[in-house]
Amino acid sequence: VDRTGQEIEVPLDKYDHVGKIVTGVAGVIIGGERTTDQRIVGVKFGYVNLRGKEILPITLDYAEDFRDGVAIAGKNERFGLINQNGQPLTPLEKYQAVTRLGVGPEQTIFKVAVADNRNGILDVNGSVILPETYSYINTARYLENGMVIADSLGKSALINGATGEQKTAFAYSSMYPIDRIGHLFKVELAGNRYGIIDTTGTIRLPVEYQYIPTYYSSSLSAVPIRKKGTDDVAGKYGVLNLYTLKEVIPFRYESIDFIGKTDFIKAKLGDKYQVLNLKGDKQISEDFDELLFDYKLADGTQAVVSYDSKWGLLDVQLKNYQVPLEYDTLMYLRYKNLFLAKKAGKYGIINTKNEIMLAFEYDKIEVTRYWDVDYYLVKKNNLWGYLDDEFQVKIDFRFSNANKFYEDRAYAIEKGVEQFIDVDGNVLFKAFQGYGCLWRGSWSDDMMKVANKCGGKETLDQRFGYVNDKGELVIPTIYESAGNFSKGKVRVTKDGSTFYIDKTGKCVKDCPDE
């Protein structure tokens, strides 16, 4: 029924689907079946009024609901526009693509494309606003400011999308809307010179800069840009406020980057780094050798800094030291919110308050995250062992060399013998069981690559095979090259032929004798 209670005479049992009813017209669908590759084929679209009369035959391959009295419809992978009386506003097989933009009849336009990558714009009556002669039309900011960017013969211009009024000549090498500042556009001229224009085409910032970003992080809409020219600030970076286009920080820096989503700036002056606020004042007095940021620190965005070859950590205001400048190395361990640090030639672990979590008594510490648990592969007194997530000894110090765990196994050398151990330190199997050496790090699909003789890289006289998870040689070392198993098979080369074998060594694909 309609709003008055009068019965609508659309025969629902006749159609497979009835769409949204808009100003007395509904789109309908009949037919269609799903193929083995999950595509739906054989669907036909059309339109009926509230009395069930077809205003456009159900022969279309595509039809959308009406908005503002117009709908996009198509046949044979081509598209056009129709009104709600079923009258075509354009031929329905004219355009390769039609895209609706805007809300309301005065703002709605349609971007259309024809062969040879030519684009244009139509109004709600199907009348041409821009002919299909443009190689590209950027409509990204149309809903915000009514403007589109059109490209022709390698040049860009700013055009009112609803009226076709040209705001600039086709004079710019490129043109891009500036993020979140709807009335401004970055433009480029020959020689990599950049400036800013507004929606009237007026130049607001002279086209004489080497770098202007089109997006930014600062909440105050300030962006770093680079000056071009022959004066004493040529090639230097400064900061402009995008709303006023006035200089916030002078052009004197080698580089400028905003720090995360804060209003603080990392600025390079000479070969040193400074932390600045948006007034250009230094947050902290030192000029640093390095200024590194980890935006995922649990305490908030902070800076790991280096000064005179020592490392420390600044607080979230980037004004004070949370960890003093006393470490030779400082590396953030994200999952634990801790730092791996080196001091006086030894490694340890501290928290963000500079409290020692693991004493500085190790020659080396490597962190491995396995099944959501942190393991620490550590070296002490020239022997390797493993610590658990709480820094307790998990596997004692008995290895002259050891690797991180992978697929519940780790490669290790104990008293000169190559072996694989499990996460409790138990020996799974040792090498030299019919093959020369393990090709460590290549576990895959419970199979491991081995070689007839050792060497850090594959050499001409090496041959490769595979052991299973018990260390048994199940595929002999006869292949000139070999990959890693995946889904029960692996790619190998023998006597110059490349093919695939399974876990028994049987050829299963691209076999040489086929």
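Here the structure is a predicted model, which means the values were calculated and not measured.

Enquirer: Would you mind going over the overall build of the protein chain in detail, with residue names and values included?
Expert: Assigned secondary structure in the protein chain consists of 1 helix and 50 strands. Residue burial in the protein chain is summarised as follows: out of 514 residues, 45% are buried. Long-range contacts, defined here as pairs at least 24 residues apart, represent 27% of the contacts in the protein chain between residues at least 6 apart. About 26,100 Å² of surface is accessible on the protein chain, with carbon and sulfur atoms providing 47% of the total.

Enquirer: Describe in detail the nonpolar core, supporting the description with residues and values.
Expert: In terms of nonpolar packing, the biggest core is built from 13 residues, with Ile196, Leu205, Ile212 and Ile225 touching the most fellow members. Put simply, the parts of the chain that give this core at least two residues each are β19 (193-198) and β20 (203-211). Ile212 has contacts with Lys186, Tyr194, Gly195, Ile196, Leu205 and Ile225, leaving out every residue within four places of it along the chain.

Enquirer: So, the sheet that holds strand β15 (residues 147-152): which residues are in play, and what are the values?
Expert: Pairing in this open sheet of 3 strands is antiparallel, and the strands run β14-β15-β16 from one edge to the other. Every other strand in the sheet has two partners, leaving β14 (136-138) and β16 (155-160) as the edge strands with one partner each. Neighbouring strand axes in the sheet, compared pairwise and without regard to direction, differ in orientation by 25 degrees on average. Bridge analysis of β14 against β15 gives 3 bridges, and the strand direction is antiparallel. Bridge assignment links Tyr136 to a residue of β15, and that residue is Asp151.

Enquirer: Go over the environment of Glu472 with me, naming the residues and quoting the values.
Expert: Mapped onto the elements of the fold, Glu472 is located in the loop between β45 (464-467) and β46 (473-479). When near neighbours in sequence (up to four residues on either side) are disregarded, Glu472 contacts Tyr466 and Val467. At 2.8 Å, the side chain of Glu472 forms a polar contact with the side chain of Asn468.

Enquirer: Can you explain the packing of aromatic side chains? Please cite residues and give values.
Expert: Throughout the structure, instances matching the rule amount to 15 aromatic pairs. Their ring planes at 20 degrees and their centres at 5.9 Å tell us that Tyr327 and Phe360 sit as a pair that is stacked. With Tyr327 in strand β30 (residues 321-327) and Phe360 in strand β34 (residues 356-362), the pair connects residues that are 33 residues apart, well separated along the chain. By relative accessible area, which is 2% here, Tyr327 ends up buried. A network of ring pairs unites the aromatic residues Tyr375, Tyr386, Phe399 and Phe405 as a single cluster. Seen from the ring of Tyr273, Lys266 lies directly overhead, with NZ or CZ sitting 4.8 Å from the centre.

Enquirer: Describe the environment of Glu77, naming the residues involved and giving the relevant values.
Expert: If you trace the backbone, Glu77 turns up in the loop between β8 (70-75) and β9 (78-83). Separated by 15 residues in the primary sequence, Glu77 and Tyr62 have C-alpha atoms spaced 8.4 Å apart. The residues touching Glu77, leaving out its near neighbours within four places in the chain, are Tyr95 and Gln96.

Enquirer: With reference to specific residues and values, describe the sheet that holds strand β32 (residues 338-343).
Expert: Through backbone hydrogen bonds, the strands of a sheet pair up, either in parallel or in antiparallel fashion. Ordered in space as β31-β32-β33-β34, the 4 strands form an open sheet in which the pairing is antiparallel. Two strands close off the open sheet at either side, each with one partner strand: β31 (329-333) and β34. Across the sheet, the axes of successive neighbouring strands diverge by a mean angle of 20 degrees, strand direction being ignored. Strand direction decides the pairing type here: β31 and β32, joined by 5 bridges, are antiparallel. Residue pairing across strands places Thr329 opposite Lys342, the latter belonging to β32.

Enquirer: Explain the pattern of salt bridges residue by residue, including any values.
Expert: Here the structure, examined in full by the defined rule, presents 20 salt bridges. Where Lys167 meets Glu165, a salt bridge forms, and the shortest distance between an N and an O atom there is 3.2 Å. Given the relative accessible area of 25%, Lys167 is considered partly exposed. For Asp446, the salt bridge identified is with Arg409, shortest N-O distance 3.0 Å. Here Asp446, found in the loop between β43 (437-438) and β44 (448-451), pairs with Arg409, found in the loop between β39 (401-402) and β40 (410-414); they are 37 residues apart in sequence, far enough to count as distant. A relative accessible area of 36% means that Asp446 is categorised as partly exposed.

Enquirer: Account for unusual backbone geometry, naming residues and giving values.
Expert: Phi angles above zero are rare outside glycine, and Asn381 is one such case at about 55 degrees. Along the chain, the position of Asn381 falls in the loop between β36 (373-380) and β37 (383-387). Of the residues examined, Asn381 reaches a relative accessible area of 64% and is grouped as exposed. Not every positive phi belongs to a glycine, and Asp495 is a case in point at roughly 55 degrees. Tracing the backbone through its elements, the reader meets Asp495 in the loop between β48 (489-494) and β49 (497-502).

Enquirer: Kindly report on the pairing of β49, identifying the contributing residues and their values.
Expert: On any regular strand, side chains alternate: one points to one face of the sheet, the next to the other face. Note that β48 and β49 share 6 bridges and pair antiparallel. Bridge pairing in β49 links Lys489 to Asp502. In sequence, β48 turns back onto β49 through a hairpin of 2 residues, with Asp495 there showing a positive phi of about 55 degrees. What sits between β49 and strand β50 (residues 507-509) in their antiparallel hairpin is a turn of 4 residues, with Gly505 showing a positive phi close to 90 degrees.

Enquirer: Describe the confidence of the model for the protein chain, with residues and values.
Expert: When pLDDT is averaged along the protein chain, the result is 83; 81% of the residues meet or exceed 70. Mean pLDDT values over the elements of the protein chain span from 52, in strand β4 (residues 40-41), up to 97, in β34.

Enquirer: Quick one: what's the story with the side chain of Thr108, residue by residue and with numbers?
Expert: Relative to the assigned elements, Thr108 resides in the loop between β10 (97-101) and β11 (109-114). Classification of Thr108 by relative accessible area gives buried; the value is 2%. A polar contact of 3.0 Å, which involves the side chain of Thr108, links it to the side chain of Asp68.

Rules behind the numbers
Residues numbered from 1 in each chain as written. Predicted model: local features only at pLDDT ≥ 70, side-chain atom pairs only at ≥ 80, totals over all residues. Heavy atoms only, no water. Helix = DSSP H or I, 4+ residues; strand = E, 2+ residues; numbered from the N terminus. Buried < 20%, exposed > 50% of the residue type's maximum accessible area, 1.4 Å probe, protein only. Contact = heavy atoms within 4.5 Å. Areas by Shrake-Rupley, 256 points an atom, 1.4 Å probe, with all protein chains shown as cover. Core = buried A, V, L, I, M, F, W, Y, C linked by side-chain atoms within 4.5 Å. Pairing = 2+ DSSP bridges. Axes fitted to C-alpha atoms, helices over the stretch in contact; angles between N-to-C directions. Polar contact = N/O pair within 3.5 Å; in protein donor to acceptor, adjacent residues only side chain to side chain. Phe/Tyr/Trp six-rings, centres within 6.5 Å; stacked < 30°, edge-to-face > 60°. Lys NZ or Arg CZ within 6 Å of the ring centre and 35° of its normal. Salt bridge = Lys/Arg side-chain N within 4 Å of Asp/Glu carboxyl O. pLDDT = per-residue confidence, 0-100.

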